[in-house]
Amino acid sequence: MKAILISAHGGPDALQLRDLPRPEPGPGEVLVELHAASINHLDLWVRRGIPGVRYPLPLIPGCDGAGVVAEVGPGVTDLALGTRVLLQPGIACGHCAQCLAGDDNLCRSFGILGEHRHGTQAEFIVVPRVNVLPTTLDFEVAAALPLVFLTAWHMAVSRARIQPGEDVLVHAGASGVGSAAIQIVRLLGARVITTVGSPEKAERVRALGAEHVVLYRERDFAEAIRDLTAKRGVDVILDHVGADTWERNVRSLARGGRLVVCGSTSGYEVPTNLRFLFFKNLSFLGSTMGSKAELARILGLVEHGVLRPIVDRVLPLSDVAQAHDLLERRQAVGKIVLRVR
Ligand SMILES: NC(=O)c1ccc[n+]([C@@H]2O[C@H](COP(=O)([O-])OP(=O)(O)OC[C@H]3O[C@@H](n4cnc5c(N)ncnc54)[C@H](OP(=O)(O)O)[C@@H]3O)[C@@H](O)[C@H]2O)c1
Ligand SMILES: [Zn+2]
């Protein structure tokens, strides 16, 4: 089968198009013939490597994918060959207390396709039955959905518990996670203020439901929040920018505010003035991915047209390096999808 393989960390050259043996499904597993796979910012970290983090190289990258059931392993009796499916990106043990409680993203052995085991940027993938979700969506839309919507949903719904009428700052509204977060926060009945790096992106995120868009290169976002909320601050901030935004985020929260962080694109060491934390009764919440049940629920909302994955463009699998380049230069709005076949 054709697949992208990373054998050693590095620049775009580290992404090699290779011919690899097609994997075989074992007991309880499913072989999926992939039609589309999307790129996430995580792909950039996996390709470049992060000091102190060990990835299982050689590795096929890709967390998100959609295709059809090609073969089932022994014990899988409920999936017809040819069923159109998308993949749950999270891998968990399925039998610990967290998994049984439905919090599989808190499982001690939690991993992600394309980070901890072979991912979706290939013609075929083998995954556990529990990672396969039948869907009616087009392959390219389905592949753009899982990781970013799951992450944004978990941040907004499960961690921040956003309420109707609240003011919410969504950082980097044109990012994969941001484009999902804006829609989810609107669905929860809250007001969205978002930040973007260019006027072209501003137009796009307004169309997703952001009431106010701050061009943060032209105007300090903390100042804008003060003005837009009459100095009160926002109730919730959803962030993955990290170091560049942290201190101003803490200052931009209203009393009782919640700051949810799922990433640290600009750096992960941050200073914190503890007096803000206790005096304003703030909550700092970490968030990673979400549960399989959450993704099943999100899929229903997408199939009913309530939420919409934003596909920036579709490229052939062989152009994966170009897709990385576009993401690295911050040129995409929403998701870049690779057409696998
Ligand atoms: N913990 C989790 O479960 C989880 C899940 C998904 C993603 N993440 C993390 O969340 C972050 C975003 O992921 P994504 O896939 O949504 O990313 P993405 O689509 O590549 O978008 C990233 C955007 O962030 C903005 N940005 C702001 N400051 C930046 C900086 N210093 N360097 C680069 N970009 C900056 C840029 O938009 P502007 O041009 O508008 O500034 C850029 O386009 C990544 O760090 C990722 O690893 C975590
Ligand atoms: Zn578990």
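Novice: Looking at this model, I keep getting lost on the overall build of the protein chain. Mind explaining?
Specialist: In terms of helices and strands, the protein chain carries 11 helices and 17 strands. Principal-axis analysis of the C-alpha atoms gives the protein chain an extent of 60 × 40 × 40 Å. Within the protein chain, buried positions represent 53% of all 341 residues. In the protein chain, the share of contacts with a sequence separation of at least 24, taken over all contacts with a separation of at least 6, comes to 70%.

Novice: It is not clear to me how the coordination of the zinc ion (ligand 2) should be interpreted in this structure. Could you clarify?
Specialist: By definition of the ideal shapes, a tetrahedral metal site with four donors has angles of 109.5 degrees and an octahedral site with six donors has angles of 90 or 180 degrees. Protein ligation of the zinc ion (ligand 2) involves Cys 93 (SG), Cys 96 (SG), Cys 99 (SG) and Cys 107 (SG), the donor distances falling in the range 2.3 to 2.4 Å. Because the angles between the 4 donor atoms bound to the zinc ion (ligand 2) fall within 106 to 114°, the donor set is best described as tetrahedral. In terms of primary sequence, the donors binding the zinc ion (ligand 2) are separated according to C-x2-C-x2-C-x7-C. A residue pair is termed long-range when its members are at least 10 positions apart, and Cys 93 in the loop between strand E6 (90–91) and helix H2 (97–100) and Cys 107 in the loop between H2 and strand E7 (111–112) qualify at 14 residues. For Cys 93, a relative accessible area of 27% translates into the label partly exposed. For Cys 107, a relative accessible area of 6% puts it in the buried group.

Novice: Sorry if this is basic, but what is going on with the site of ligand 1 here?
Specialist: Near ligand 1 there are 23 residues, and of these His 41, Lys 201, Tyr 216, Cys 262 and Met 289 occur at the shortest range. Interatomic distance of 2.7 Å between a side-chain N/O atom of Lys 201 and an oxygen atom of ligand 1. Within the side chain of Thr 288, an N or O atom sits 3.1 Å from a nitrogen atom of ligand 1. When residues of the shell around ligand 1 are traced back to their parent elements, those giving at least two are helix H1 (41–48), helix H4 (146–159) and helix H5 (176–187). Here the residues of the shell around ligand 1 sort into 10 nonpolar, 10 polar and 3 charged.

Novice: Honestly, the nonpolar core in this entry has me stumped. Any pointers?
Specialist: The nonpolar side chains of soluble globular proteins are, as a tendency, buried together. Counting 90 residues, the largest nonpolar core has Leu 145, Val 185, Leu 238 and Ile 298 as the members making the most contacts within it. Take this core: its biggest share by element is 8 residues, from H4. Setting aside residues up to four positions removed in sequence, Val 185 forms contacts with Ala 156, Ile 162, Val 168, Val 170, Ala 190, Val 192 and Leu 238. Formed by 13 residues, the second largest nonpolar core is a distinct cluster that contains Ile 225, Trp 246, Leu 259 and Leu 282.

Novice: I keep staring at the packing of H4 against H5 and nothing clicks. Help me out?
Specialist: The packing of two helices is summarised by the inter-axis angle and the distance between the axes. The geometry of H4 relative to H5 is characterised by a closest axis approach of 8 Å and an angle of 45° between their N-to-C directions. By the angle between their directions, the pair H4 and H5 is classed as oblique. When the axes of H4 and H5 are compared, the crossing they make is right-handed. Of the residues in H5, those in contact with Val 148, Phe 149, Thr 151, Ala 152, Trp 153, Met 155, Ala 156 and Val 157 of H4 are Gly 176, Val 177, Ala 180, Ala 181, Gln 183, Ile 184, Val 185 and Leu 187. Of the residues in the contact of H4 with H5, the class split is 13 nonpolar, 3 polar and no charged.

Novice: Can you help me understand unusual backbone geometry in this one?
Specialist: With glycine set apart, most residues show a phi of negative sign, and most peptide bonds adopt trans. Of note, the amide linkage connecting Leu 57 to Pro 58 takes the cis form, showing an omega dihedral of -5°. You can see Pro 58 is positioned in the loop between H1 and strand E4 (64–72). Positive phi values are uncommon outside glycine, yet Ala 172 reaches one of about 50°. Tracing the backbone through its elements, the reader meets Ala 172 in the loop between strand E10 (167–170) and H5. For Asn 281, which is not glycine, the phi torsion reads 55° and is therefore positive. Relative to the elements of secondary structure, Asn 281 occurs in the loop between helix H9 (274–279) and strand E15 (283–286).

Novice: Quick question: what am I supposed to make of the pairing of strand E12 (residues 212–215) here?
Specialist: On any regular strand, side chains alternate: one points to one face of the sheet, the next to the other face. Note: strand E11 (residues 191–196) against E12, 4 bridges, orientation parallel. Along E12, the bridge assignment pairs Thr 195 with Val 214. Remark: the E11/helix H6 (residues 199–207)/E12 crossover connection has right-handed handedness.

Analysis parameters
Within each chain, residues carry numbers counting from 1 in the order of the written sequence. Think of it this way: whatever chain is written first is A, whatever ligand is written first is 1, and the rest follow in order. Note on the predicted model: pLDDT of at least 70 is required for a residue's local features to be given, and 80 or more for side-chain atom pairs to be given and counted; whole-chain, interface and lining totals, by contrast, use all residues. With hydrogens and water set aside, each side-chain value is computed from the structure's full complement of heavy atoms. Secondary structure counts use DSSP, requiring at least four H or I residues in a row for a helix and at least two E residues in a row for a strand, with both numbered from the N terminus. Summary of the burial criterion: residues with accessible area below 20% of their type's maximum are buried, those above 50% are exposed, and those between are partly exposed, where the area comes from a 1.4 Å probe applied to protein chains only. Should any heavy atoms of two residues lie within 4.5 Å, those residues are counted as being in contact. Note: metal donors comprise N, O and S atoms at 2.8 Å or less from the metal (3.2 Å for Na, K and Ca); water molecules are not included, so apparent gaps in a site are possible. When four donors show all angles between 85 and 135 degrees the site is tetrahedral, when four or six donors have opposite pairs over 155 degrees and all other angles between 65 and 115 it is square planar or octahedral respectively, and in every other case it is irregular. One heavy atom within 4 Å of a molecule or strand is enough for the residue carrying it to be called near that molecule or strand. In protein, a polar contact requires one atom able to donate a hydrogen and another able to accept it; more generally it is a pair of N or O atoms within 3.5 Å, and residues adjacent in sequence count only if both atoms are side-chain atoms. Any residue that is not Ala, Val, Leu, Ile, Met, Phe, Trp, Tyr, Cys, Pro, Asp, Glu, Lys or Arg is counted as polar, Gly included; the first ten are nonpolar and the last four charged. Remark: nonpolar core denotes a set of buried residues (Ala, Val, Leu, Ile, Met, Phe, Trp, Tyr, Cys) joined through side-chain atoms within 4.5 Å. In this analysis, axes come from line fits to C-alpha atoms, helices being fitted only over the stretch in contact, and the angle between any two N-to-C directions falls in the range 0 to 180 degrees. Angle categories are assigned with fixed cut-offs, so that under 35 degrees is roughly parallel, over 145 is roughly antiparallel, 65 to 115 is roughly perpendicular, and the rest are oblique. A crossing counts as left-handed when the near helix is turned anticlockwise from the far one by less than a right angle, and as right-handed when that turn is clockwise. We treat two strands as partners when DSSP finds at least two bridges between them. With strands facing away from the observer, any crossover in which the path from the first strand over the helix to the second runs clockwise is taken as right-handed.

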